[in-house]
Amino acid sequence: MFKWFNASITRKVSSLSFVLLSFLFVVILYSVLKLQKINYEMREVAQIDVPLSDVISQIELIQLKQHLLMETIRQQKQALFDHPSLKKKALLGFNDYNRSLSEQLVKAMQVIQNGLKRGGVRIQVADHQTLIKQIRSLHIEREAFDHLVNQFFLHGDTDFSLHWSNIEKHCKKLDTQSGMLLKNIDQLTLKASLYTERQEQELMIVNAILGIAALFIGTYLTLYIVQSVRSRVGSIRWKIESLHRTLGEDSDEVGANSYQDLDEFSVLEADLNILTNRLSKERSNRYEVERQLIELATRDKLTGAYNRHKWDELLKEELALANRGGRFSLALIDVDYFKKINDMHGHGVGDKVLQFLVTELNKLIRETDMLFRIGGEEFAILLKNTGLDEAGKLAEALRLKVETFNTPSLPRFTISLGVTGSQESDDQVSILKRVDMLLYKAKGAGRNQVKIG
Ligand SMILES: Nc1nc2c(ncn2[C@@H]2O[C@H](COP(=O)(O)OP(=O)(O)OP(=O)(O)O)[C@@H](O)[C@H]2O)c(=O)[nH]1
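Within an unreviewed UniProt entry, the label attached to the protein reads diguanylate cyclase, and the organism entered is Marinomonas spartinae. Its UniProt record gives the protein a comment under Cofactor (unreviewed entry), which states: "Mg(2+)". The heading Catalytic activity (unreviewed entry) in the UniProt record of the protein holds the text "2 GTP = 3',3'-c-di-GMP + 2 diphosphate".

Here it is, written out as structure tokens:
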């Protein structure tokens, strides 16, 4: 039982259905067996007790007729023998009585014997057997009475009183015996119907008990499952709400009253949908923030060019690739007389010059080339997979572009460039030293120049 409480909802529902179906099965099985039994008993009542009841009423009628006949003879006395028509009528009445009683007794005997033979008598077999004995003895008495009646009609005219008193005595005896037989048959019929009634009541009580037990168990288990589903759904919803609170704003979307028409699982589904949407929004926001942080960490604030940190990192990577057979070129760029620009036009204008320079350089370089600000007014371009000639041409184009630009809001200026290509066994120090030297040479040669080497 303890294990059951910890089982999954599916197992609980299955076991609940199993218990209820078992109950139903027991109720059906019990009802079928009991109804079969009742059916047999009803058949017994129909095949034995009903015909016997018919015999009872017939015998009662025969006896009534017989009493009337006896009363008539009692009044006629000796005169019976004086009138042949009266005698004949009386004789016919006795014969009819004898024949009818005999017929009914035979009929009763056959009904009981047939019932016993077919196994139809299931209730009070012994009582039925006693009935057979009583019928037999009544038969014997009836035959004896028949004999007395014959004697009466042969010798009654000579000694009416003697013969008639014998008939009266025997008739009473017959009355008593048939009365007892009728009473026994009556009781037996009553007992059989009471017994059948008891069986029906028993069936109803047992079915009611089983039904109530099934209802009780079913209701209890259903309530338990409903309660546990509701409490689990409630607990999951509470966790979702706390998660929303942890995430911050928008938490009022959960637990809204607009769920009134939905069931628990639909509400939970709706909550989860909101949470999923929120989490995916949060994830995209996080990616965006991360992207911005990376940008901030790798870009120069003033010009937007890559910063010194990124420069060191990428230069190292390119050197490693070059050492495995790749190639790249470097251009080192410095604004000529930048101090003078600052001094003459102010630091703000100097900043704008730097921003303008970066914008223009970015327009000319390729997508794979990268522009870095590596000092105050000093920049570098990393030209991936580019030979020295090509890099030299690009440097010259850059120099020319700057020299010839004409923007009214900015003072004119020039740049000097040193350009070198990656060489075997180059490292960070050697390549930087070489390109720095070239830039120095360009400066030394009068500035606004490109030195390649
Ligand atoms: N406006 C501005 N000026 C800067 C910035 N960073 C450095 N500088 C200035 O750039 C100037 C560099 O001057 P120098 O090193 O003498 O070089 P130069 O005047 O360009 O002379 P040459 O390089 O020899 O042609 C300094 O005055 C710095 O203050 C910056 O972010 N904005």
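More follows now that the structure is in view.
**Concerning the sheet that holds strand E2 (residues 370-373)**
With mixed pairing, five strands are arranged side by side in an open sheet as E2-E3-E1-E4-E5. Every other strand in the sheet has two partners, leaving E2 and strand E5 (450-452) as the edge strands with one partner each. Across the sheet, the axes of successive neighbouring strands diverge by a mean angle of 20°, strand direction being ignored. Of the pairings in the sheet, the one linking strand E1 (residues 328-335) to strand E4 (residues 415-421) comprises seven bridges and is antiparallel in character. The partner of Val-335 across the bridge, within E4, is Ile-415. The strands that helix H12 (residues 428-444) touches are E1, strand E3 (378-384), E4 and E5; relative to E4, the one it contacts most, it runs at about 145°.

**Details of the pairing of E1**
E1 sits mainly inside the fold: eight of its eight residues count as buried. Burial along E1 is two-sided: Phe-328, Leu-330, Leu-332 and Asp-334 and Ser-329, Ala-331, Ile-333 and Val-335, pointing in opposite directions, are all buried. Here seven bridges tie E1 to E3, and the two strands are oriented antiparallel to one another. Across the sheet, residue Leu-332 finds its bridge partner in E3, namely Ala-380.

**With respect to helix H6 (residues 160-247)**
The end-to-end C-alpha separation of H6 is 128 Å, in line with the 130 Å expected for 88 residues at 1.5 Å each. Gly-248 lies just past H6 and shows a positive phi near 105°.

**Regarding the UniProt feature "transmembrane region" (unreviewed entry) in the protein**
The feature "transmembrane region" (unreviewed entry), as annotated in UniProt, sits at residues 13-33 and 203-226 in this numbering. Segment residues 13-33 splits into 100% helix and 0% strand. End C-alpha atoms: 30 Å apart. With 100% helix and 0% strand, residues 203-226 has end C-alpha atoms that lie 34 Å from one another.

**A word on a nonpolar patch on the surface**
A contiguous nonpolar patch, built from Leu-21, Leu-24, Ile-28 and Val-32 and spanning about 380 Å² of accessible area, is present on the exposed surface. When you line up the elements, Leu-24 lands in helix H2 (residues 9-76). Residue classification places Leu-24 among the partly exposed residues on the basis of a relative accessible area of 47%.

So, how was this worked out
Residues numbered from 1 in each chain as written. Predicted model: local features only at pLDDT ≥ 70, side-chain atom pairs only at ≥ 80, totals over all residues. Heavy atoms only, no water. UniProt positions renumbered as here; feature names shortened; annotations may be inferred. Pairing = 2+ DSSP bridges. Helix = DSSP H or I, 4+ residues; strand = E, 2+ residues; numbered from the N terminus. Axes fitted to C-alpha atoms, helices over the stretch in contact; angles between N-to-C directions. Contact = heavy atoms within 4.5 Å. Buried < 20%, exposed > 50% of the residue type's maximum accessible area, 1.4 Å probe, protein only. Expected span 1.5 Å × (residues − 1). Patch = residues over 30% accessible without salt bridge, like charges linked within 9 Å, V, L, I, M, F, W, Y side chains within 5 Å. Areas by Shrake-Rupley, 256 points an atom, 1.4 Å probe, with all protein chains shown as cover. Salt bridge = Lys/Arg side-chain N within 4 Å of Asp/Glu carboxyl O.

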